[in-house]
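# Structural overview for review
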Amino acid sequence: MSNSIQTVGIIGSGTMGNGIAQACATNGIRVVMVDIAQTAIDKGLATVAGSLDRLIKKEKITAADKAQALSLIKGSTSYDDLKSAQLVIEAATENEALKIKILQQLDGVLAADVIVATNTSSISITKLAAATQRADRFVGMHFFNPVPMMALVEIIRGLQTSDATHDAVKALAERLGKTPITVKNAPGFVVNRILVPMINEAFFVLAEGLATPEDIDAGMKLGTNQPIGPLALADMIGLDVCLAVMNVYMAEFNDSKYRPAPLLKEMVAAGWLGRKSGRGVYTY
């Protein structure tokens, strides 16, 4: 079934959308990338072109490869252009009401056999599937940022996802040169479920004065072979995002092991959100 996926539709031309578009196009798969404004599409296409230019500089691809990849990506502001796709991936802003609205719009446009995937990192796949008329052909495909570089795709099965749907998107992920892992639907799926509580624990350790931020990060990098320490990673993700994720786990699991670290809450209250605000655990 995955070989019958010749064209992938993508909703959203932001960081994740254009990254998925690049991954598809560089592997010979046609893309229709849809966003509400032409300016957003132009920006997305420019990002892909810039990313491919960097690969040319590193001699990973040729100028001809770049031209070929860009020729496979069509930008559009019309959902009608998605009719040629066998799979549509929703990569819009992380907002449940918006995603449901998009999914219901897609139901009105797409043939019944088209698979719809969502790139959500936090919203229930089962709940989103229930809002569509194709719950068995709905699945989570959680790509990691930056998409062209990161090897992982979490494939998340809602309660309703069929085996055929799962197998088709798994095969597609492999065609993109990714390594897929299969996950049942639950808050945070696998990676963020383990990662964000680890970051939260680093804030408890910091607040207890057990070590400096630099030493905590050095310990985790050198002792567990992580490329970046948990506190530096929190600054990269955004402390507000880390806090929001912990709040979701706390609400969904109702288990005190997910309580957000008071220091994390305090820093977010101060507006120290990490790199994007110029100050988090570290100063930028």
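Check the entry above for the structure.
Residues numbered from 1 in each chain as written. Predicted model: local features only at pLDDT ≥ 70, side-chain atom pairs only at ≥ 80, totals over all residues. Heavy atoms only, no water.

### Regarding helix 8 (residues 213-224)
Threshold: Going along the chain from the N terminus, every DSSP run of H or I of four or more residues is numbered as a helix, and every run of E of two or more is numbered as a strand. In this scheme, a helix's expected span is set at 1.5 Å multiplied by one less than its residue total. Whether a residue is buried, partly exposed or exposed follows from its accessible area with a 1.4 Å probe, protein chains only, as a fraction of its type maximum: under 20%, in between, or over 50%, in that order. Working definition: the arc comes from the directions between the helix axis and the C-beta atoms, pointing outward to the latter. Note on contacts: a residue pair is in contact if any heavy atoms of the two residues lie within 4.5 Å.
For helix 8, which comprises twelve residues, the first-to-last C-alpha distance of 16 Å matches the rise-based estimate of 16 Å (1.5 Å per residue) to within 8%. Of the positions making up helix 8, those classed as buried are Pro-213, Ile-216 and Asp-217. Along helix 8, the residues classed as buried sweep out an arc of 95 degrees about the axis, all on the same side. Set apart from the buried face of helix 8 by more than 90 degrees, the exposed residues are Asp-215, Leu-222 and Gly-223. Packing partners of the buried residues in helix 8 comprise helix 7 (191-207) and helix 9 (230-237). Asn-225 occupies a position one or two residues after helix 8 and carries a positive phi of about 65 degrees.

### Side note on the pattern of salt bridges
As a reminder of what qualifies: Salt bridges are counted wherever a side-chain nitrogen of Lys or Arg sits within 4 Å of a carboxyl oxygen of Asp or Glu.
The tally for this structure, following the rule as stated, stands at eleven salt bridges. Residues Arg-134 and Asp-107 are paired through a salt bridge, measuring 2.9 Å at the closest nitrogen-oxygen approach. Residue Arg-134 is found in the loop between helix 5 (125-130) and strand 6 (138-143), and its partner Asp-107 is found in helix 4 (residues 96-109); the two are separated by 27 residues along the sequence. For Arg-134, a relative accessible area of 4% translates into the label buried. Look at Asp-107 and you get buried, because its relative accessible area is 12%. Ionic pairing is found between Asp-136 and Arg-137, a salt bridge with its closest N-O pair at 2.9 Å. The structure contains a network of salt bridges with shared partners spanning Glu-90, Glu-94 and Lys-99.

### Some words on the packing of aromatic side chains
Rule in force here: By convention, a stacked pair of Phe, Tyr or Trp rings (six-membered ring in the case of Trp) has centres within 6.5 Å and planes under 30 degrees apart, an edge-to-face pair has planes over 60 apart, and any other such pair is tilted. A ring is scored as having a charge over it whenever the NZ atom of a lysine or the CZ atom of an arginine sits within 6 Å of its centre and within 35 degrees of its normal.
Scanning the model with the defined rule gives three aromatic pairs in all. Above the face of the Trp-272 ring, Arg-279 is positioned so that its terminal group lies 3.6 Å from the ring centre.

### Points about the sheet that holds strand 3 (residues 73-76)
Operational definition: Should DSSP find at least two bridges between two strands, the strands are taken to pair. Helix axes use the C-alpha atoms of the stretch in contact, all axes being lines fitted to C-alpha atoms, and the angles between their N-to-C directions lie in the range 0 to 180 degrees.
Strand order in the open sheet formed by eight strands is 3-2-1-4-5-6-7-8, with mixed pairing between adjacent strands. With partners counted over all chains shown, the strands left at the sheet margins are strand 3 and strand 8 (179-184), one partner each. Taking the axes of each pair of neighbouring strands and ignoring which way they run, one obtains an average angle of 25 degrees across the sheet. The pairing of strand 6 with strand 7 (residues 152-157) spans four bridges and is antiparallel. Bridging from a neighbouring strand, Gly-140 pairs with Ile-156 of strand 7. Helix 1 (residues 15-25) contacts strand 1 (7-11), strand 2 (30-34), strand 3, strand 4 (87-90) and strand 6 of the sheet and is inclined by roughly 165 degrees relative to strand 2.

### Describing the environment of Gly-50
Inspection of the secondary structure puts Gly-50 in helix 2 (residues 38-57). Each C-alpha atom of the pair Gly-50 and Ser-122 lies 29 Å from the other, and the pair is 72 residues apart in sequence.

Keep in mind that these numbers describe shape and distance, not what the molecule does.
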